[in-house]
Structure formats: structure tokens, C-alpha cells
Amino acid sequence: MNAALPRLAPDRLPSLGAYLPALPWTQPRVGIVHLGLGNFHRAHQAMYTEDAMLAAGGDWGICGVSLRRPDTRDALAPQDCLYSVLVRDASGQRVRVVRALRRILVATEDTDAVLAALRDPGVRIVTLTVTEKGYCLDPRTGGLDLGHPLIVHDLADPAHPQSVPGYLAAALRARREHPFTVLSCDNLAHNGAALRRVVVDYARVLDPELADWIARAVAFPSTMVDRIVPATTDADRQAAAEALGCVDAWPVPAESFRQWVIEDRFPAGRPAWEQAGALLVDDVTPYETAKLRMLNGIHSTLAYLALLADIETVDHAAGQPDLRALLHRMMTDDIAPTLTVPPSFDRARYRDELLARFANPALKHRCIQIAMDGSQKLPPRLLGTISDRLRDGQAVDRLALGIAAWMRFLSGRSEGGAALELNDPMAARLRALAAPGAHDPVAGLLGLHEIFPPTLAEDVRFAGAVRRAYDALGRQGALATARRYAAL
Ligand code: CS2
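Reading guide: rules and limits
Residues numbered from 1 in each chain as written. Predicted model: local features only at pLDDT ≥ 70, side-chain atom pairs only at ≥ 80, totals over all residues. Heavy atoms only, no water. Helix = DSSP H or I, 4+ residues; strand = E, 2+ residues; numbered from the N terminus. Rg over C-alpha atoms; globule rule 2.2 N^0.38 Å. Buried < 20%, exposed > 50% of the residue type's maximum accessible area, 1.4 Å probe, protein only. Contact = heavy atoms within 4.5 Å. Areas by Shrake-Rupley, 256 points an atom, 1.4 Å probe, with all protein chains shown as cover. Pairing = 2+ DSSP bridges. Axes fitted to C-alpha atoms, helices over the stretch in contact; angles between N-to-C directions. Domains from an automatic or database assignment. Buried area = accessible area lost by both parts, 1.4 Å probe. 1 Å grid on protein atoms, 1.4 Å probe; cavity = no way out; pocket = protein on both sides within 12 Å on 5 of 7 lines; lining within 4 Å. Points joined across faces, edges and corners; volume = space filled by probe spheres on them. Nonpolar A, V, L, I, M, F, W, Y, C, P; charged D, E, K, R; others polar. Polar contact = N/O pair within 3.5 Å; in protein donor to acceptor, adjacent residues only side chain to side chain. Near = heavy atom within 4 Å. Salt bridge = Lys/Arg side-chain N within 4 Å of Asp/Glu carboxyl O. Patch = residues over 30% accessible without salt bridge, like charges linked within 9 Å, V, L, I, M, F, W, Y side chains within 5 Å.

**Some remarks on the overall build of the protein chain**
Along the protein chain, the regular secondary structure elements total 21 helices and 13 strands. Its C-alpha radius of gyration of 23 Å places the protein chain within 12% of the 23 Å reference for a compact globule of 488 residues. Here the protein chain holds 488 residues, and 56% of them are scored as buried. Nonlocal contacts in the protein chain, meaning residues at least 24 apart in sequence, comprise 76% of its contacts between residues at least 6 apart. As displayed, the protein chain offers around 18700 Å² of accessible surface, 54% of which is attributable to carbon and sulfur atoms.

**Notes on the sheet that holds strand S3 (residues 83–89)**
The strand order across the open sheet formed by three strands is S4-S3-S11, and the pairing between neighbours is mixed. In this open sheet, the two edge strands, each paired with only one partner strand, are strand S4 (92–98) and strand S11 (252–254). Put simply, the sheet's adjacent strands are angled 25 degrees from each other on average, direction ignored. Judged from the three bridges that link them, S3 and S11 form a sheet pairing that is parallel. The residue of S11 that forms the bridge with Val87 is Ala254. Sheet strands touched by helix H2 (residues 45–56): S3 and S4. Its angle to S4, the strand with the most contacts, is close to 65 degrees. In this fold helix H9 (residues 234–244) packs onto S3, S4 and S11, with an angle of close to 100 degrees to the strand it touches most, S3.

**Topic: H9**
Along H9, the residues classified as buried are Asp236, Ala239, Ala240, Ala241 and Leu244. Taken together, the buried residues of H9 touch S3, S4 and S11. Immediately beyond the C-terminal end of H9, within one or two residues, lies Gly245, with a positive phi of roughly 75 degrees.

**Re the domain arrangement of the protein chain**
Entries for the protein chain in the domain assignment read domain 1 (10–281) and domain 2 (285–486). Summarising the inter-unit geometry, the C-alpha centres of domain 1 and domain 2 are found 28 Å apart. At the junction of the two partners, domain 1 supplies 28 residues and domain 2 supplies 25 residues. Between domain 1 and domain 2, a total of about 2200 Å² is buried, with carbon and sulfur atoms accounting for 59% of that surface. When the buried area of domain 1 at its contact with domain 2 is split by residue, Glu132, Lys133 and Ile228 rank highest and sum to 24% of it.

**Observations regarding empty space enclosed by the protein**
Inspection of every chain in the model, using the stated rule, returns two cavities of 30 Å³ or more. What lines the largest cavity is Asp186, Asn187, Leu188, Asn191, Thr223, Met224, Val225, Glu288, Lys291 and Leu292. Every element with two or more residues in the lining of the largest cavity is listed here: strand S10 (223–226) and helix H10 (285–308). Taken together, the residues that form the lining of the largest cavity break down as four nonpolar, three polar and three charged. Counting residues domain by domain, the lining of the largest cavity receives three or more from each of domain 1 (10–281) and domain 2 (285–486). Roughly 50 Å³ of internal volume is contained in the second largest cavity.

**Some points on the environment of Met53**
Turning to its location among the elements, Met53 is positioned in helix H2. Note: C-alpha distance between Met53 and Pro28 (25 residues apart in sequence) is 8.4 Å. If we ignore the near neighbours within four places in the chain, the residues touching Met53 are Trp25, Pro28, Gly58, Trp60, Gly61 and Ala100.

**Quick notes on the environment of Arg461**
The topology assignment puts Arg461 in helix H20 (residues 460–476). Considering only alpha carbons, one finds Arg461 and Ala400, 61 residues apart in sequence, at a separation of 10.0 Å. If we skip the residues at most four places from it in the chain, Arg461 touches Leu390, Gly393 and Val396. Side chain to side chain, Arg461 and Asp459 meet in a polar contact 2.6 Å long.

**Topic: the site of the ligand**
Around the ligand sit Asn187, Val225, Asp226, Arg227, Lys291, Leu295, Asn296, His299, His365, Ile370, Lys377 and Arg381, and that is every residue in its neighbourhood. The backbone of Arg227 places a nitrogen or oxygen atom 3.0 Å from an oxygen atom of the ligand. The side chain of His299 places a nitrogen or oxygen atom 2.7 Å from an oxygen atom of the ligand. Burial of the ligand by the protein chains amounts to 90% of its free accessible area of 340 Å². Looking at the shell around the ligand, the elements that each hand over two or more residues are S10, H10 and helix H15 (374–391).

**Concerning the pattern of salt bridges**
For the structure on display, the rule yields 38 salt bridges. A salt bridge links Glu50 to Arg96, with the nearest nitrogen and oxygen atoms 3.6 Å apart. In this pair, Glu50 is assigned in helix H2 and Arg96 in strand S4, connecting sequence segments 46 residues apart. The exposure class assigned to Arg96 is buried, which follows from its relative accessible area of 15%. Note that Glu263 is salt-bridged to Arg265, the shortest N-O span being 3.1 Å. Note on Glu263: relative accessible area 8%, which makes it buried. Arg265 sits in the partly exposed class, given a relative accessible area of 39%.

**Topic: a nonpolar patch on the surface**
On the surface, Leu146, Val205 and Leu206 cluster together into a nonpolar patch covering about 240 Å² of accessible area. Tracing the backbone shows Leu206 in helix H7 (residues 191–206).

Dropping the structure here:
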């Protein structure tokens, strides 16, 4: 970090007017607790919430909670939780200092402080970006995985939770008079309903009456969130220092595009997010399905094929002719037709906007960041589309190529011999099944019913398509296979 420069801090704000909206700002009291304080939250919900307060006031300051690691708190606490967002696209970079984050807690250091924050009656909304694995879901039932180590711990010691369901149930127990609204902001289908299910399942083991009350009286609206937010690098830190003239230990790079579609069910009130550009709706399903399948399904397919072909960033992958042709064909002919969207929704325009976003040369979004947690990401991103197409008697070859590319990625080596890092809750089992020399990796991986429901894994049309794609990747490599599959 540039020791010669001062640290970003409140007393620097008067000199940073160029990086702040030209609107009056009053430090808000905390009204929101956010679980899962990562780059995405800081570039998405936190900015929408600050913009909502700038437009319409309100005490919606955010207390961020890191569930596992202290590094975000260590970086931002000396800055009074101030940070910058580096908005980048082909036209250049625009820097914005964000003030909505007012406090940061680290759950592994102080469970009681997190519970106290959740129990504060001034906190009327709890938002979450804890990634798919944070829900402790049993994908075979859609309910809580009662064998999950964190759940086993929390059921034995509910006063000192470590899991998201454990924290929320313990907090809601103390909020019977004034429950907060629980707002999932993760890439899951029907994310609010999924979160409600695991919290109610958890509570039911301990206290059926509490479970019934949560199911009846606590709002869990669903949302669709969208903004491409890469991980922070030292180059980002340098760029922030050059722009601001002071050190931001953890700036957030992001694209300029952002979208937030929210089911409007907030009995305890909410920020005026619609005045910040969010869309408040009765049912988020069409928006969430389009985004999960068209953006995230293509993101994962592209990332695995690119990594096999030794291509590091999304913009380079999306610019590779064979991969681009495959993406365009998949979005046009395989995914978009499965979407149930309003007549006004232009599928071709949405596709072209996504391809332009992927091609953003300023983001340097790394494919390996997208490739993590594939065991959690592939079901909502690709398997729903595949199941719908099989139900309708349609081909799934290109979608199966995305699954096969993930399987090849699990082997740990690119076509150029580079090591491919695997970051996944199921890493050990995946590596063992996909290792070079393993007996029939396709059958072994399709046999993982935490990922592939038996009805799908045993469907010869799907299993055959995956096996053909897996073999093609082994024979011809990712780019030649992409070229062939784009023309099928
Ligand atoms: C990406 C998402 O890392 C990933 O898995 O596909 O984070 C993606 O960038 C966001 O969902 C875009 O809104």
C-alpha cells in the first residue's frame, strides 16, 4: 500500500467531492444488517441503498457481517468503513466513494455482537450475499441439509450459531414483536423462498412454534441482482490511490451496468430503492430465470471452456470467435426459448447486451473466479434449462457441453498443461472422481445426486450428450469442440 498517501477517512471527504454525488448526505443510523460482506454487496446493494437515502433519506445505514474471515473488516475499519467503487468500461473509469456501510462485524470473532446487531429493533431488513453454499441446502429435497456440519453444530449450540439459518432463527426468536424482513441477494432460483425454507426447517427442529411463526409472519421476498464485480487486485488499489489521492485498502472494481429486481414485501419498511433505479415487482421469477439461465449459465459454460483453452479472462474468452459463436447459438436457440418473459422482453436484445458486457475489456474478470463452486452453481444455472428442454423433447447438446467442460476442468489441468485451481465445497470428491485415470469420470460425477437429480442423471439423452461432449473435448480440445457445437 502506498505509505506516502493518507488513508481514505471521513476527514478526507471534503476533498473528494468529485467522487461523491452532489447531494446532501447525513450519516444514517444502521437500519440494515448484511450477511456476507463481499465485493458484490459493496458494489450493488450498498450503492443502491446509498442512492436511495440520497434521494429520499431514511436511516438505512448498513452493518456488514463477514461470516468467516476478518480481512474486509481489517481493511475497511481504519477507513471508518468508507471505500471506493471503480466503475469501468470501454469509455474509461469512474470512481465513487461509498458511505452507506457504517459498521463491520466478524462473526467468527464475536457471535454475540452479530446477534445483538440482528436483534436491534432499528434493524428492519437483513440482506444476504452468502453464495449458494451458505444456504446449507439439501438439493435433493430443496430443504435444509440437517447433516451439514454447521447445522449439526448450531442445533447442538443454538445460542452460538455459525450458519446462516442458525443466525436468522436465533435473531428472529428475539424479534417476535418487530420482525425484520429477510432479503436474499444470491444467485438462486426463488432465493427468498429457498432461504425461508432452510430457516423454517432449522427452527422446526428446535422449536416448532417458532418455526410456524417464522413461516407465517416473516417476509422473505425474492430478488434478482445483477452486476459483474471482479475480485480486487493490487492494480485496483493502485488505481484507487491515483484517483483519490489517498489509500483505499479494498476498492471494488465493477462494470457500469447494474440491475436489481425486488419483490416488494417489506412490512417493516425499506429504502426508496425505486428512486435508485431498482425495479419493485410482485413476482421476480421471469427476471431471475432470465438472468440465471442467460447470464450465469453462459458465464459458467464460458469460464470452463476458456480455462481448458488457457484463456484467463472473460473478455478474451468472449472475443474468441469459436466461443463467441457457441455462446450466441446457446443463448439464441437453447436458452432464450425456455424463458417465460413479458411480451416487452426482447430476448435478442438481452442476449446482445450480455455479450457486450462479457466483452468489456476494462474489467479483466477472471474465469477462475466464475469457475469456483461449480457443484453449487451448475444446478440453478444449467440444469433447469436442460430439464425444461428434455421435457419438451428438445436437444441439449450445447448445454451438456457446459457440464462436460466442468467435468474436464475438474481434472485439474488445462490443454496447455496449466494447473487449474479447484475451489468448491465438494472439491475432494470431485477431484477423486475426475482425476486422470479415474474409472469413467462422467458416470462417477453424474452419480453425485447432490448435483444431478437421479431423474436427470439417468436420462440417457442427457447422460449421452454429456458423454459425447466430454469425449469430444478430450479428442479435439475446447475451441474445436465449441466451433463444432456452435454449428450443430
Ligand atoms: C458470476 C457471477 O462469479 C460468478 O459465478 O457468474 O458473479 C456474475 O458475475 C453475476 O451474477 C453477475 O450479476
